[in-house]
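Coordinates in review
Below are the chains, spelled out letter by letter.
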Amino acid sequence: MAKIRARGIIIKQSDYGEGHRMLSIFTEEYGIIKAVSYGVKKSKSKASASSQFLCYGDFDLYKNDNKDIMTVNNIDIADGFYPVSEDIKKLSLCVYLADITYSILGMNNPDSRILHIFLNSIYALAYRNESLNKIKAVYEFKLMCAGGYMPALDACVSCGRGEVSAFDLLKGGMVCRECGGKYIVRIDKAMSLALSYISSCEDKKMLAFTASDELTERLGKLTEQYISLQLDHVFQSLDYYKTMLEM
């Protein structure tokens, strides 16, 4: 049994047997891994607070060569992003962001860029005064760009012409009037500039632009539909987040 130490953030948790918790930990070195925190649900367990959703820190893990699931030995917390857990809207959005991240990466696929984009978004939700829907839309689009679904934005994805007027959610990019498809969203200059900025800016500056609530709402509809069509998946966590916004 090998002992490893990895920095990461818990992106999923679930009950496992009596008194235990199964964790999905997004680590820089190993990607998303599964690990069991034994006895963590017992009332006297010191590890309970550190085995929660979004706890970020250094994980001491035991890896059995014959099993994919590791065992948590200790967690040194660097940040718990606790303001998120105190707001059901922020918390439900984080669950959705974790879901789409998991869908893009799968298990055991290291991607330090996506990890830091995810951490930047969680940090913004916890400590910055940013619109929730802006953070959602920007992360959705940045994740797709970083995860292998970079759309064609400078010319028609079908014919290559430069004069484009809409975004084709299925083809994955801008299209001209002649090449419009079934799943298109009309794009104005403000939307085009926002998409271009998010796709090309430094990851740490992905939220450093101004957008009206109306633009953010339109942008969010496009990005969530783009993810759903490209991944061929409907995310129940997105529906739950929208329900929480209505409360």
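Cut-offs and rules
Residues numbered from 1 in each chain as written. Predicted model: local features only at pLDDT ≥ 70, side-chain atom pairs only at ≥ 80, totals over all residues. Heavy atoms only, no water. Helix = DSSP H or I, 4+ residues; strand = E, 2+ residues; numbered from the N terminus. Rg over C-alpha atoms; globule rule 2.2 N^0.38 Å. Buried < 20%, exposed > 50% of the residue type's maximum accessible area, 1.4 Å probe, protein only. Contact = heavy atoms within 4.5 Å. Areas by Shrake-Rupley, 256 points an atom, 1.4 Å probe, with all protein chains shown as cover. Polar contact = N/O pair within 3.5 Å; in protein donor to acceptor, adjacent residues only side chain to side chain.

Comments concerning the overall build of the protein
Helix and strand content of the protein: seven helices and eight strands. At 20 Å, the protein has a C-alpha radius of gyration in line with the 18 Å of a compact globule built from 247 residues. Taking the principal axes of the C-alpha coordinates as reference, the protein spans close to 65 × 40 × 30 Å. Expressed as a percentage of its 247 residues, the buried residues of the protein come to 49%. Considering only intrachain contacts with a sequence separation of at least 6, the fraction spanning at least 24 residues in the protein is 60%. Element-wise, carbon and sulfur atoms account for 47% of the exposed surface of the protein, whose accessible area totals about 12400 Å².

Side note on the side chain of Ser24
Mapping Ser24 onto the fold places it in strand S2 (residues 20-27). Within the structure, the side chain of Ser24 is placed 3.3 Å from the side chain of Lys34, a separation counted as a polar contact. Among all residues touching Ser24, those that are not within four sequence positions of it are Ile9, Ile10, Ile11, Lys12, Ile32, Ile33, Lys34 and Tyr102.

Functional significance is not addressed by these values, which are geometric in nature.
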